Amino acid sequence: MQIPEKLLQSLAGIKGFNKETFEQIHQSGEQVTSVRFNPKKVSSMVNGEWSINNNIQHSPLAIHQKIPWSSQGYYLKERPSFTFDPSFHAGSYYVQEASSMFLEEVLKQTTDLTKPLRVLDLCAAPGGKSTLIQSLISIESLLVSNEVIKSRANILEENIIKWGATNVVITNNDPKDFSRVENYFDVIVIDAPCSGSGLFRKEPEAINEWSEENVNLCNQRQQRIIADVWNSLKQDGILIYSTCSFSQKEDEDILDWIGDEFSVDSLQLAINKDWNIVETNSSKKNYFGYRFYPDKLKGEGFFIAALQKKRWRSFFLSKNKKTNNGKNNQQRNRINKTMD
Ligand code: SAM
């Protein structure tokens, strides 16, 4: 597998990037398969047996290890033929790449999940993040799971139906349609379409589609998507932005762009050191981002960050949140000092 030289050059100097081990892991041929159980259907998993819909049965999955940042995620020893497994079609589990499951931690650390929430998963097909979000929110909460491409929205619908949720609405809209729903969502997840370098190990054919021009196009599209839905995020609401690209232009630079365009705080997450997730800072605003490198952990390339839409009142309310917003943080500290 030949990683594009231009990509390698663009990653030089980015925190956590090690050219040698990065190339080695891509050449190793190693494949990681992981699944996330549906807690409504699978209640325990012990010694090759699982309790599925309250019946103890032999599990068709060869479980290897728990995924450390996920409550329901497991690595498998080998990749079975999922299509021959009835429990797969019944929505007992979702085959999901391990790094992506970190969304659970981001939600838990930034949002009170016990509250009734309105969550928008804007780029949702085929449904990995949506099924995860659905398992975490309360039954009083609403998840709007949106996909702009009709054929992909159909697959999303199938997967959500299999998952068996009653608090999910599936929509097939362009992001700009949401701008009319002002100040509505508590959380918006944007798992943005991207140049896909994080998935080269899993999908080597994606290498042929990679180019610097495409990275630039993705950067422009990502900005457009965020701008289109910004109005629909509540004040104090949380924006979770992720990609499966290693390119700074699609990751940290997008955070800087958001900071230039809108009034936000960047949220820092508590990360267990053993997980080997790399915390980065955007070059202009120092906003926090989290990078997943396949040569550092058992998962594919992934980037995720959480931002909070600011309002004046939030200066006084968010004292207990760790944020990084340069000048605004100093301003808040000054305000907090005068309040104390
Ligand atoms: N979140 C999904 C999951 O976890 O299963 C994966 C989403 S994938 C990274 C990005 C999605 O964005 C794709 O389904 C793609 O069809 C959609 N997309 C492509 N162009 C878009 C656009 N201009 N606006 C919104 N979504 C777009």
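On a predicted model such as this, the values are computed, not experimentally measured, just so you know.

Calculation criteria
- Within each chain, residues carry numbers counting from 1 in the order of the written sequence.
- In keeping with the predicted nature of the model, local features appear solely for residues at pLDDT of at least 70, side-chain atom pairs appear and are counted solely at 80 or more, and the whole-chain, interface and lining totals rest on all residues.
- Side-chain numbers come from the whole structure's heavy atoms, not from hydrogens or water.
- Note on method: axes are straight lines fitted to C-alpha atoms, helices fitted across the in-contact stretch only, with angles between N-to-C directions ranging 0 to 180 degrees.
- A run of DSSP states H or I qualifies as a helix once it reaches four residues; a run of E qualifies as a strand once it reaches two. Both are numbered from the N-terminal end.
- Orientation categories follow fixed angle ranges, with anything under 35 degrees roughly parallel, anything over 145 roughly antiparallel, 65 to 115 roughly perpendicular, and all other angles oblique.
- Two helices crossing with the near one rotated counterclockwise from the far one by less than a right angle form a left-handed crossing, whereas a clockwise rotation gives a right-handed crossing.
- Any two residues whose heavy atoms approach within 4.5 Å at even a single point are treated as in contact.
- When residues are sorted by character, Ala, Val, Leu, Ile, Met, Phe, Trp, Tyr, Cys and Pro go into the nonpolar class, Asp, Glu, Lys and Arg into the charged class, and all the rest, Gly among them, into the polar class.
- What makes a residue near a molecule or strand is one non-hydrogen atom of that residue sitting within 4 Å of it.
- Polar contact is defined as a pair of N or O atoms within 3.5 Å, subject to the rule that within protein one atom must be able to donate a hydrogen and the other to accept it, and that residues adjacent in sequence are counted only when both atoms are side-chain atoms.
- In short, Shrake-Rupley with a 1.4 Å probe defines the accessible areas, and a residue's cover is counted only from the protein chains shown.
- Any two strands between which DSSP finds at least two bridges are classified as paired.

### With respect to the packing of helix H7 (residues 212-229) against helix H8 (residues 252-261)
Stage number 1. Two elements in contact, H7 and H8, have axes separated by 11 Å at closest approach and are oriented at 40°. Accordingly, the angle class assigned to the pair H7 and H8 is oblique. Considering how the two elements wind past one another, H7 and H8 form a crossing that is right-handed. Two secondary-structure elements touch here, H7 through Asn219, Gln222, Gln223, Ile226 and Ala227 and H8 through Ile254, Trp257 and Ile258.
Stage number 2. Per-class residue counts for the contact of H7 with H8 are 5 nonpolar, 3 polar and no charged.

### Structural notes on the site of the ligand
Stage number 1. Neighbouring the ligand are 17 residues, the closest being Cys123, Gly128, Glu147, Arg152 and Asp191.
Stage number 2. Interatomic distance of 2.8 Å between a side-chain N/O atom of Arg152 and an oxygen atom of the ligand.
Stage number 3. For the ligand, the accessible surface in isolation is 610 Å², of which the surrounding protein chains cover 82%.
Stage number 4. For the shell around the ligand, the secondary structure elements donating two or more residues are helix H5 (128-136) and H7.
Stage number 5. A per-class count over the shell around the ligand returns 10 nonpolar, 2 polar and 5 charged.

### What about the sheet that holds strand E2 (residues 42-46)?
Stage number 1. One open sheet accounts for 3 strands, arranged E2-E3-E4; its pairing is antiparallel. Each of the sheet's edge strands pairs with one partner strand only, and the pair in question is E2 and strand E4 (55-58). The mean inter-strand angle of the sheet, taken between neighbouring strand axes irrespective of direction, is 25°.
Stage number 2. Note that strand E3 (residues 49-52) and E4 share 4 bridges and pair antiparallel. If you follow Ser51 over to E4, its bridge partner there is Ile56.

### Regarding the environment of Asp174
Stage number 1. Along the chain, the position of Asp174 falls in the loop between strand E10 (168-171) and strand E11 (185-191).
Stage number 2. Distance from Asp174 to Phe262, taken between C-alpha atoms, is 21 Å for residues 88 residues apart in sequence.
Stage number 3. Residue contacts for Asp174: discarding those within four places in its chain leaves Val148 and Asp228.

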